[in-house]
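As a plain string of letters, each chain reads:
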Amino acid sequence: MIRKTFYTNYLLFLFLSIVATGQTVKNELKITPITTDFYVYSSYKMFGTKKQDANAMYVVTTAGVVLIDSPWDDFPYQNLLDSIESRHHKKVIMAIATHSHEDRTSGLDFYTQHGIKTYTTNLTDKISIKKNQPRAQYLIQKDTVFTVGDKTFETYYAGPGHTKDNIVIWFNEQKVLYGGCLVKSIDARDLEYVGEANVPQWPKTIKKVQAKFQDPKYIITGHHDWTSTKALEHTLYLLEENNKKRK
């Protein structure tokens, strides 16, 4: 009985130790279709006892698959590549990280080592150097239109917000806006992590995105529910509420 109790307590201690350090929820990957050839994939990480999701996206083209952002750090990146190839019988050929946080850039080294062309902006690269984080093979010098197989998309830097380097990606033909962490989910109740945010400039950045990319059919947010086309408006609402609290 003593030995059994000790073993049970040890397992409980081990579990709590893993949770407390903020470990990735390993092997947990959710892939959800958006529209033809467009998929959101979500990975997860524990922060204390709270399970946090991170949304990203991939697009299937006639030339191969374009991956936008990375799963959380320590995620088995090969599992994602295998899942994509198993579903679509195509390989990932290009990966873009939309800002410098680990839920966006952590897979860059792995992708590069596996022959995938990786991209970030110059600004993201400078931050990654300072933080000693994974870096991309290629740098986006300015807002750029890419054509990969039968898909065309545009990268756009509207200004600082969630971070000073956050970009969005727009697929004009499909009216898909990948907002990433710049855009808050409709179910977000506050701005959440703002440790590297430029809150005063954030509303201006969102309004520039709204003006440039009108009537999106889908807006993919960096976290939580991504199914609402009102996410940009909700982000502005949260920013206004945050400003009221600060006064």
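The structure under discussion appears in the preceding block.
Here the residue numbering is sequential within each chain, running from 1 through the sequence in written order. It should be noted that, the model being predicted, local features are given only for residues of pLDDT at least 70 and side-chain atom pairs only at 80 or more, the latter also being counted only at that level, while totals for whole chains, interfaces and linings use all residues. Water and hydrogen atoms were dropped before computing side-chain values, which therefore reflect all heavy atoms in the structure.

Visitor: Where do I start with the environment of Leu232 in this structure?
Guide: Along the chain, Leu232 falls in helix α7 (residues 231-246). Sequence separation of Leu232 and Lys207 is 25 residues, and the distance between their C-alpha atoms is 8.3 Å. Aside from chain neighbours lying at most four places away, what touches Leu232 is Leu177, Val183, Ile206, Val209, Gln210 and Ile219. Note on conventions: DSSP H or I runs of at least 4 residues are helices, E runs of at least 2 residues are strands, and numbering of each starts at the N terminus. Throughout, a residue-residue contact means that at least one pair of heavy atoms, one from each residue, lies within 4.5 Å.

Visitor: Explain the packing of aromatic side chains to me, please; I cannot follow it from the model alone.
Guide: Each aromatic ring pair is specified by the distance between its two centres and by the angle formed by the two planes. Any Phe, Tyr or Trp ring, taking Trp's six-membered ring, that has another such ring centre within 6.5 Å forms a pair; planes under 30 degrees apart are called stacked, those over 60 apart edge-to-face, and the others tilted. By the definition in use, this model includes eleven aromatic pairs. When the centroid spacing of 5.2 Å and the interplanar angle of 35° are considered together, the rings of Phe153 and Phe171 count as tilted. In this pair, Phe153 sits in strand β9 (residues 151-156) while Phe171 sits in strand β10 (residues 168-171), placing the two residues 18 residues apart along the sequence. Summarising the burial analysis for this pair, Phe153 and Phe171 share the class buried. The classification of residues rests on relative accessible area computed with a 1.4 Å probe and restricted to protein chains. Under 20% of the type maximum is buried, over 50% is exposed, and intermediate values are partly exposed.

Visitor: Help me understand the nonpolar core in this model?
Guide: The nonpolar side chains of a soluble globular protein tend to be buried with one another. Note on terminology: a nonpolar core comprises buried Ala, Val, Leu, Ile, Met, Phe, Trp, Tyr and Cys residues joined through side-chain atoms within 4.5 Å. Of all hydrophobic cores here, the largest spans 38 residues; its most connected members are Met57, Tyr58, Leu67, Met94, Tyr111, Phe153 and Phe171. With five residues, the single largest contributor to this core is strand β3 (residues 50-61). In this structure, Met57 is in contact with Ile34, Phe38, Tyr39, Val40, Tyr41, Val66, Leu67, Ile68, Phe171, Val176, Tyr178 and Ile220, ignoring residues within four places of it in sequence. Judged by nonpolar contacts, the second largest core, of 19 residues, contains Leu177, Trp202, Ile206 and Phe213.

Visitor: Looking at this model, I keep getting lost on the environment of Phe110. Mind explaining?
Guide: The residue Phe110 is located in helix α4 (residues 108-113) in this model. Spatially, the C-alpha atom of Phe110 lies 8.9 Å from that of Pro134, the residues being 24 residues apart in sequence. Phe110 has contacts with Tyr77, Gln78 and Leu81, leaving out every residue within four places of it along the chain.

Visitor: Mind showing me how you'd approach the pattern of salt bridges here?
Guide: Two side chains that carry opposite charge are able to pair once their charged atoms sit near each other. A pair is scored as a salt bridge if a Lys or Arg side-chain nitrogen falls within 4 Å of a carboxyl oxygen belonging to Asp or Glu. One pass over the full model with this rule turns up eleven salt bridges. Lys45 is the partner of Glu102 in a salt bridge, and the nearest nitrogen-oxygen pair spans 2.8 Å. A residue pair is termed long-range when its members are at least 10 positions apart, and Glu102 in helix α3 (residues 102-105) and Lys45 in strand β2 (residues 38-47) qualify at 57 residues. Among the residues examined, Glu102 registers a relative accessible area of 31% and is labelled partly exposed.

Visitor: Teacher, can you tell me more about the sheet that holds β9 here?
Guide: To summarise the sheet geometry, strands pair through backbone hydrogen bonds and adopt either a parallel or an antiparallel arrangement. The criterion for strand pairing is that DSSP finds at least two bridges linking the strands in question. On the basis of which strands lie adjacent, the open sheet formed by five strands has the order β8-β9-β10-β11-β12 and mixed pairing. With one partner strand each, in any of the chains shown, β8 (145-148) and β12 (218-221) form the two edges of the open sheet. Along the sheet, successive strands turn relative to each other by an average axial angle of 20°, direction set aside. As defined by bridge partners, β8 adjoins β9 across four bridges and the pair is classed as antiparallel. Paired with Thr147 across the two strands is Thr152, which belongs to β9. Lines fitted to C-alpha atoms define the axes here, with helix axes fitted over just the stretch in contact, and angles between the N-to-C directions of these axes take values from 0 to 180 degrees.

Visitor: Looking at this structure, how should I read the side chain of Asp125?
Guide: Along the chain, Asp125 falls in helix α5 (residues 122-131). Non-local contacts of Asp125, meaning those with residues more than four positions away in its chain, are made with Thr120, Arg135 and Leu139.

Visitor: Help me understand α5, please; the structure alone is not making it clear to me.
Guide: Because an α-helix packs 3.6 residues into every turn, residues spaced three or four apart end up facing the same way. The complete set of buried residues in α5 reads Thr124, Asp125, Ile127 and Ser128. The buried residues of α5 occupy an angular sector of 165° when projected down its axis, which confines them to one face. Seen from the buried face of α5, the exposed residues on the opposite side, beyond 90 degrees, are Lys126 and Lys130. Where α5 is buried, its residues contact β6 (117-121) and β7 (138-140). Directions pointing from the helix axis toward each C-beta atom define the arc.

Visitor: Help me understand the pairing of strand β4 (residues 64-68), please; the structure alone is not making it clear to me.
Guide: A regular strand carries its side chains on alternate faces of the sheet. Of all five residues that make up β4, five are buried, and the element is covered over most of its length. Relative to β4, β3 runs antiparallel, the two being bridged by five bridges. Residue pairing across strands places Val60 opposite Val65, the latter belonging to β4. Turn length for the β3-β4 hairpin, with the two strands adjacent in sequence and antiparallel, is two residues. As judged from the four bridges shared by β4 and strand β5 (residues 92-96), these two strands associate in the parallel manner. Considered in β5, the bridge of Leu67 is made with Ala95.

Read these as geometric descriptors, not functional statements.
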